Number of protein chains: 2
Amino acid sequence: MTSHHQPKASVFRPPAVPDVEMRGFWGERIDAIVDRTVMILYDRCVVAGMLDQIDPTRPVPEVKMPWHTRADGTPDTVNVQMFWDSDVAKVIETAAYALYRKPNSDLKAKMDAIIDMFAGLQQPDGYMNSWFVRMQPGQRWTNLRDCHELYCAGHLMEAAVAYFHATGKRKLLDVMCRYADHIDATFGPNPGQRPGYCGHEEIELALVRLGRTTGEQRYLDLARYFVDQRGQQPNYFDVEAAERGVDPTQWRHKTYLYNQSHLPVREQTKVVGHAVRAMYLYSGMADVATEFGDDSLTDALKVLWEDLTSKQMYVTGGIGPAASNEGFTEYYDLPNESAYAETCAAVALMMWASRMLGRGPDRHYADIMEQALYNGALSGLSIDGSRFFYDNPLESSGGHHRWIWHRCPCCPPNIARTVTAIGSYMYGVSSDGIALHLYGASTARLKIGTTTVNLTQDTRYPTDGRVAMSIGLESPSHFTLSLRVPGWCENAALSLNGQAVKPDEVRGGYFHLKRNWQDGDRLELDLPMDVRALYAHPAVKADLGRVAIARGPLIYCTEEVDNGADLNALIVPDDLSGAKTVPLPELNNTVAIEIPARREQWPRRNGKLYDPHKPDHIEATARLVPYHLWDNREPGEMLVWVRAGAGQ
Amino acid sequence: MTSHHQPKASVFRPPAVPDVEMRGFWGERIDAIVDRTVMILYDRCVVAGMLDQIDPTRPVPEVKMPWHTRADGTPDTVNVQMFWDSDVAKVIETAAYALYRKPNSDLKAKMDAIIDMFAGLQQPDGYMNSWFVRMQPGQRWTNLRDCHELYCAGHLMEAAVAYFHATGKRKLLDVMCRYADHIDATFGPNPGQRPGYCGHEEIELALVRLGRTTGEQRYLDLARYFVDQRGQQPNYFDVEAAERGVDPTQWRHKTYLYNQSHLPVREQTKVVGHAVRAMYLYSGMADVATEFGDDSLTDALKVLWEDLTSKQMYVTGGIGPAASNEGFTEYYDLPNESAYAETCAAVALMMWASRMLGRGPDRHYADIMEQALYNGALSGLSIDGSRFFYDNPLESSGGHHRWIWHRCPCCPPNIARTVTAIGSYMYGVSSDGIALHLYGASTARLKIGTTTVNLTQDTRYPTDGRVAMSIGLESPSHFTLSLRVPGWCENAALSLNGQAVKPDEVRGGYFHLKRNWQDGDRLELDLPMDVRALYAHPAVKADLGRVAIARGPLIYCTEEVDNGADLNALIVPDDLSGAKTVPLPELNNTVAIEIPARREQWPRRNGKLYDPHKPDHIEATARLVPYHLWDNREPGEMLVWVRAGAGQ
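Residues numbered from 1 in each chain as written. Chains lettered and ligands numbered in written order. Predicted model: local features only at pLDDT ≥ 70, side-chain atom pairs only at ≥ 80, totals over all residues. Heavy atoms only, no water.

1. Things to note about the overall build of chain A
So, step 1. A count of helices and strands for chain A gives 17 helices and 23 strands.
So, step 2. Over its C-alpha atoms, taken along the principal directions, chain A stretches across nearly 75 × 70 × 50 Å.
So, step 3. Of all 648 residues assigned to chain A, the portion counted as buried reaches 63%.
So, step 4. Here the contacts in chain A between residues at least 6 apart in sequence split such that 71% fall between residues at least 24 apart.
So, step 5. Carbon and sulfur atoms provide 49% of the accessible area of chain A, an area that totals close to 22400 Å². (Helix = DSSP H or I, 4+ residues; strand = E, 2+ residues; numbered from the N terminus. Buried < 20%, exposed > 50% of the residue type's maximum accessible area, 1.4 Å probe, protein only. Contact = heavy atoms within 4.5 Å. Areas by Shrake-Rupley, 256 points an atom, 1.4 Å probe, with all protein chains shown as cover.)

2. What about the packing of aromatic side chains?
So, step 1. Applying the stated rule across the entire model yields 52 aromatic pairs over all chains.
So, step 2. Note on Phe187(A) and Phe226(A): the rings are 5.7 Å apart at their centroids and 65° apart in plane angle, and the pair reads as edge-to-face. Within this pair, whereas Phe187(A) is found in the loop between helix H7 (171-186) and helix H8 (203-214), its partner Phe226(A) is found in helix H9 (residues 217-229), the two being separated by 39 residues in sequence.
So, step 3. Seen from their ring centres, Trp26(B) and Tyr374(B) are 5.4 Å apart, and the 45° between their planes marks the pair as tilted. A residue pair is termed long-range when its members are at least 10 positions apart, and Trp26(B) in helix H1 (residues 24-48) and Tyr374(B) in helix H14 (residues 363-377) qualify at 348 residues.
So, step 4. Tyr374(B) gets classed as buried once you look at its relative accessible area, which sits at 0%.
So, step 5. Ring-pair connections join several aromatic residues into one group, and the members of that group are Tyr127(A), Trp141(A), Tyr179(A), Phe187(A), Tyr225(A) and Phe226(A).
So, step 6. Residue placement shows Lys270(B) over the ring face of Tyr331(B); its charged tip is 4.7 Å from the ring centre.
So, step 7. Its end group placed over the ring of Trp517(B), Arg515(B) keeps NZ or CZ at 5.2 Å from the ring centre. (Phe/Tyr/Trp six-rings, centres within 6.5 Å; stacked < 30°, edge-to-face > 60°. Lys NZ or Arg CZ within 6 Å of the ring centre and 35° of its normal.)

3. What about the interface of chain A and chain B?
So, step 1. Across the contact, 47 residues belong to chain A and 47 residues belong to chain B.
So, step 2. Summed over both sides, the interface between chain A and chain B buries roughly 3400 Å², with carbon and sulfur atoms accounting for 59% of that surface.
So, step 3. Area buried by chain A at its contact with chain B is led by Tyr535(A), Leu609(A) and Tyr610(A), which between them contribute 24% of it.
So, step 4. With a closest N to O distance of 3.1 Å, Lys614(B) and Asp574(A) form a salt bridge.
So, step 5. Residue assignment for the side of chain A that touches chain B shows that the elements contributing at least two residues are helix H12 (295-311), strand S14 (531-536) and strand S20 (610-611) of chain A.
So, step 6. By residue number, the principal contributor to the side of chain A that touches chain B is S14(A), which donates four residues.
So, step 7. Both S20(A) and strand S14 (residues 531-536) of chain B contribute to a ladder of two bridges, which runs antiparallel. Considered in S14(B), the bridge of Asp611(A) is made with Tyr535(B). (Buried area = accessible area lost by both parts, 1.4 Å probe. Salt bridge = Lys/Arg side-chain N within 4 Å of Asp/Glu carboxyl O. Pairing = 2+ DSSP bridges.)

4. Some remarks on the packing of helix H11 (residues 275-292) of chain A against H12(A)
For any two helices packed against each other, one specifies the crossing angle of their axes together with the interaxial distance.
Residues and elements named next belong to chain A.
So, step 1. Where H11 contacts H12, the axes come no closer than 9 Å and their chain directions differ by 145°. Where H11 crosses over H12, the two elements pack in a sense that is left-handed. Contact with H11, carried on its side by Met 279, Tyr 282, Met 285, Ala 286, Val 288 and Ala 289, involves Leu 297, Thr 298, Ala 300, Leu 301, Leu 304 and Leu 308 of H12 and no other residues of that element. (Axes fitted to C-alpha atoms, helices over the stretch in contact; angles between N-to-C directions. Left-handed = near helix turned anticlockwise from the far one by under 90°.)

5. Here's the deal with the pattern of salt bridges
Proximity of charged atoms lets side chains of opposite charge pair with each other.
So, step 1. This model, assessed by the stated rule, comprises 88 salt bridges over all chains.
So, step 2. Among the ionic pairs, Arg507(B) bridges to Glu505(B), the shortest N-O distance being 2.8 Å.
So, step 3. Each of the salt bridges in this network shares a partner with another, and the network as a whole consists of Arg13(A), Arg212(A), Asp287(A), Glu291(A) and Arg355(A).

6. Describing the confidence of the model for chain A
So, step 1. Averaged over every residue, the pLDDT of chain A is 94; residues scoring 70 or more account for 96%.
So, step 2. Across the interfaces of the predicted complex, the ipTM metric reaches 0.90, alongside a pTM of 0.90. (pLDDT = per-residue confidence, 0-100.)

7. Focus: the pairing of strand S15 (residues 546-551) of chain B
Residue and element names in this part refer to chain B.
So, step 1. Most of S15 sits out of view: six of its six residues are buried.
So, step 2. Alternating residues of S15 divide into Arg 546, Ala 548 and Ala 550 and Val 547, Ile 549 and Arg 551, and every residue in both groups is buried.
So, step 3. Relative to strand S16 (residues 554-559), S15 runs antiparallel, the two being bridged by two bridges. Looking at the pairing, Arg 551 lines up with Leu 554 of S16.
So, step 4. Between S15 and S16, which pair antiparallel one after the other, the connecting turn spans two residues, and Gly 552 there sits at a positive phi close to 55°.

8. Observations regarding helix H6 (residues 149-167) of chain A
Residues and elements named next belong to chain A.
So, step 1. A rise of 1.5 Å per residue sets the reference length of H6, with its 19 residues, at 27 Å; its end C-alpha atoms lie 27 Å apart and thus fit the reference within 8%.
So, step 2. When you tally the buried positions in H6, you get 16 out of 19 residues, the bulk of the element.
So, step 3. Two residues or fewer after H6 comes Gly 168, characterised by a positive phi angle close to 75°. (Expected span 1.5 Å × (residues − 1).)

9. Overview of unusual backbone geometry
So, step 1. The linkage connecting Tyr461(A) with the following residue, Pro462(A), adopts the cis geometry, with an omega of 10°.
So, step 2. Mapped onto the fold, Pro462(A) is located in the loop between strand S6 (451-459) and strand S7 (466-472).
So, step 3. Across the junction of Gln233(B) and Pro234(B), the peptide omega takes the value -5°, indicating a cis bond.
So, step 4. Inspection of the secondary structure assignment puts Pro234(B) in the loop between helix H9 (217-229) and helix H10 (236-244).
So, step 5. Of note, Tyr332(A) is a non-glycine position whose phi angle comes to about 65°, a positive value.
So, step 6. Examined against the element boundaries, Tyr332(A) turns out to sit in the loop between H12 and helix H13 (343-356).

10. Remarks on the side chain of Arg551(B)
Residue and element names in this part refer to chain B.
So, step 1. Among the secondary structure elements, Arg 551 is positioned in strand S15.
So, step 2. For the buried Arg 551, no salt bridge is present, and the opposite-charge side chain at shortest range is Asp 464, 5.3 Å distant.
So, step 3. A polar contact of 2.9 Å, which involves the side chain of Arg 551, links it to the backbone oxygen of Thr 463.
So, step 4. For Arg 551, the residues in contact, after removing those within four places along its chain, are Pro 462, Thr 463, Met 529, Asp 530, Val 531, Arg 532, Tyr 556, Thr 581, Val 591 and Ile 593. (Lys, Arg positive; Asp, Glu negative; His and termini not counted. Polar contact = N/O pair within 3.5 Å; in protein donor to acceptor, adjacent residues only side chain to side chain.)

11. Quick look at the relation of the copies chain A and chain B
So, step 1. Superposing chain A onto chain B takes a rotation of 180° plus a shift of 0.0 Å along the axis, which leaves an RMSD of 0.0 Å. The relationship between the two copies is best expressed as a two-fold rotation axis.
So, step 2. A share of 100% of interface residues in chain A that are also interface residues in chain B marks the association as one of identical surfaces. (Least-squares fit on C-alpha atoms with pLDDT ≥ 70 in both.)

12. Quick word on the pairing of strand S21 (residues 617-626) of chain A
Residues and elements named next belong to chain A.
So, step 1. Sheet analysis places strand S16 (residues 554-559) next to S21, joined by three bridges and oriented antiparallel. Residue Tyr 556 lies in a different strand from S21, and its bridge partner there is Pro 626.
So, step 2. Relative to S21, strand S19 (residues 590-600) is paired through eight bridges, and the arrangement is antiparallel. Residue pairing in the sheet places Ile 595 in a bridge with Ala 622 of S21.

13. Focus on the sheet that holds strand S11 (residues 505-507) of chain B
All names here are of chain B.
So, step 1. Strand order in the open sheet formed by five strands is S3-S4-S8-S12-S11, and the pairing between neighbours is mixed. With partners counted over all chains shown, the strands left at the sheet margins are strand S3 (427-429) and S11, one partner each. Pairwise comparison of adjacent strand axes, ignoring direction, gives a mean angle of 20° for this sheet.
So, step 2. In terms of strand pairing, S11 meets strand S12 (residues 510-517) through three bridges, oriented antiparallel. Its bridge partner being in S12, Arg 507 is matched across the sheet by Tyr 510.
So, step 3. In this fold H14 packs onto strand S8 (477-484) and S12, with an angle of close to 60° to the strand it touches most, S8.

Written out as structure tokens, the structure reads:
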């Protein structure tokens, strides 16, 4: 077991995205987004009509998205169009990272134009939301439960920070600071303020990001207020509904478990409700815990972390099995073919995990961040950056495919902004140390106090586990370098300047090297990647008698294009010593795994329903590819949890 | 493969229930119903308020059952209370068989009183339905789609025939003949008649039963009319809805697949919709096919039979996997724990199967009748006759238990009337032969023309496969005796008067013995019952890597009371040669099966979610009991499809 205990003083913050330049595996994926996805995202927002709503110089448009319908047939008070600001914000955030990587005057002009629209929307008091300024004026702050109003503000704050970091332009940042000031004045415990918080968490973590960037303590305080206020009695959403004159029990989501406002956050012990909301809440809580050194929040988060990762998470890092609430159900309810496992939820789990690292490196969190990143999150984007998964099942009979767009287009910009920002997830920087949470070919420019450390990784990770690092320094500097040893790795080896070396300390699954570093110091970390089988907890009925095949951080799957139809006819042995890795240049230069297996001989859909004869077996080879790459070739069946049996 | 082709002239009809006296296995189950269940059924109908609605001498009661609610929040046009006549009718039918078996003046007086109530309800024109006479007068025949009006008439016809056969009393029979005459005048193709039929099939088979008992051809003709008219265009339910001034598309069941009126019956090829409705329709179609020698109906039924039994039936004979429509979904969609598999649906499958035997013995049908009887149907009734299953899952985590009553109490009287009438399912009698479809200790008095054959079975079936039969005749008589050899039996042996004998013909899975029978002739049929494993079609994903254990007609299951918790940790070998049978006197004198097995060592709910270590195994013994007996002892987990693996 890894320890959760860290020295109290350690505060690790992520570097800004432009401070890490990605190459190799991630560099290619980012380039696909820079070269293609970002314009696709922009174009589809335009086609959807989002800019017509945001641009205050255009006529106020009709409502274009259908309203949800209540059980009694009347329109609900919320529709998808209400949170278009957030979709556009994530596009701006993605574009910011793209512009940093590759200048693009056309894209920049488009983003500047959108930023001008938002600036033009801003009211004299600082309020700024396209829906409530243009579509439903006069109704601001009347339905925090359903209308995503603070959520939209949060995404725009994130966009503002990103755009400022990447381009140096302050316009959106200034707009959002004014809006944040307005929100700060509007919400709080004082007379005349609203003791509310958002039905869809997001603004909490965004305020921390804004506070870190601007140095404004009030934003951190407001984030803490929203976190602390959530779930207090009387429930704000009850009060607010009464003010609107509606019955709060007549709500289609029925229970405040849905938005995690059923209890004060420090009393919550079970991960419940809408998965993305839950993860964004916990992310904000973790940020506040880091900034305020709040152990009571961290303790609550540790309980929730255990709850999620030991009872409610797919092996892909996907979370939220049910479509009905886009979220959680019962413990161990992890069906494969009907898995919802929204791309946004895996992204959000990464976000939470990365923020749990704010109080110090601990692979308890970083392992899961990597698991969600390389599997349930990255699966959401096709190799070429043009197609998207919204839900990420672990089994498909052949009917599940990437789509071009979605009426609720949250996932495409979410995975795009995450991949383009991956550098900021790789590192944590404290006042006296650097933690490497993720490996990947890259160069980072990291500041420890006034010292700049240029840290270069040369590696084919995740295809290969050897990582060569070099330290660039203007002058020798004393700090701790912490290198994560993934939990899946059994015989990690480390060398310094060509000599095998023992770390000064092994703690929380990290090699800690405390020394006076010299310019040109070279480290080599070898993380052997054996093919391994994972067995699910037996309470996960869908996975009984099955294994998931993994190598390094990648969960593998079988696809029909490699194995023919009827993937459930393939049975791999328990003993994987016969497994081979096979380079697969045609599929993103990945490594496939081939395992000597058996194939049950199935009649094709014409046999008896029940028969006393066990199906015959023939020898076969099961070929598996990384889960995140599935449905990039010929469409067909897919299966993560392959059947396993004795080596007969 | 068994042949479906039979000589055209053969018409096999079931004996009346009182013509077969049951002993042994079925005798005990019937006695539990006679001694206990029938009064439970009566009492609960009284408590529910059914007699207040039916008795015309009492004040018209309030509506006691909640109305269904439409999607728009308004009450639907149907509630469960509308078909209370049918529930009471099935109680009368059960009571009739009980009274035949054991005189009970109290029960008889209660039934006579109810019959008087129904007689008192009858209108001058013959109409008779408690709901539309007393609760919603003036609305008769306005909503055949939803209101179960002809369905209730059908069940009362069945009750009338049963009560007449068992007691010789004609009152209810006469009432129902007058009502049948009224229905015959109301429905039909002529001017002034309604070209309709019932949304819930039942009256078709009931009219055949009434016609056979009374000799009235018009009832058979009307049954044929209802069958032929179903699904013709324009759809009657559309027309009727328009007459009521409602939009037929605003219907909560959405599609006429639900009640099998989407196509004319001869064009239907897929078993769809509400399972009980479908089976009752096919039962009526089979009766009409038998009575009219209608090959076009029989051909359609053969297609539907294959569709059901090769793609949509649980190994227990349970059918209709989904609760949402109480019916069918997609092919091979047979989840175990969430199986709906209503007791009524398995009973109704037996009814259909038995009627497919009307055109001659064929184990293609009789095997399934037996499979549904001993498993998915009989499971609906506790050993002592006091508790009931409505839905019959094939796996339970420990939360599924027999109940005392149900707001829609269709199943308890349905399984009770079926078990008490089991003798009529055992035989088919034609003008020149007797077919034995089911075995069980009993004495039957069967009429071939003017000859009475007393056929006695002495056997411990289904516990043991040896069946000794003797023929009682006043004088020698020439006829064909057809003995079913179940498909599960591999080495059936036959002897006549102590000498091994070959049948004159083996056809359709029956031994046919054509001879001049003498009083006292003795037959011995030996049907060896080996323990066997059944493998499901691989498209049934829930059953992959699993087997169902069977012996004779009985499907077995594991229960927690015998095996401890975590039944999914038990893995039985593919080779069952080590299986033993063990008498289990404490559980209805059944035979348990014990199989040397392995048990995975599971951490109890506190382990990691995913782990590279395969669970250890220890040796164990799996004990299985007949599925129909589950939940008669300590409550706990239950599992039919046990995990199976190599004999390691």
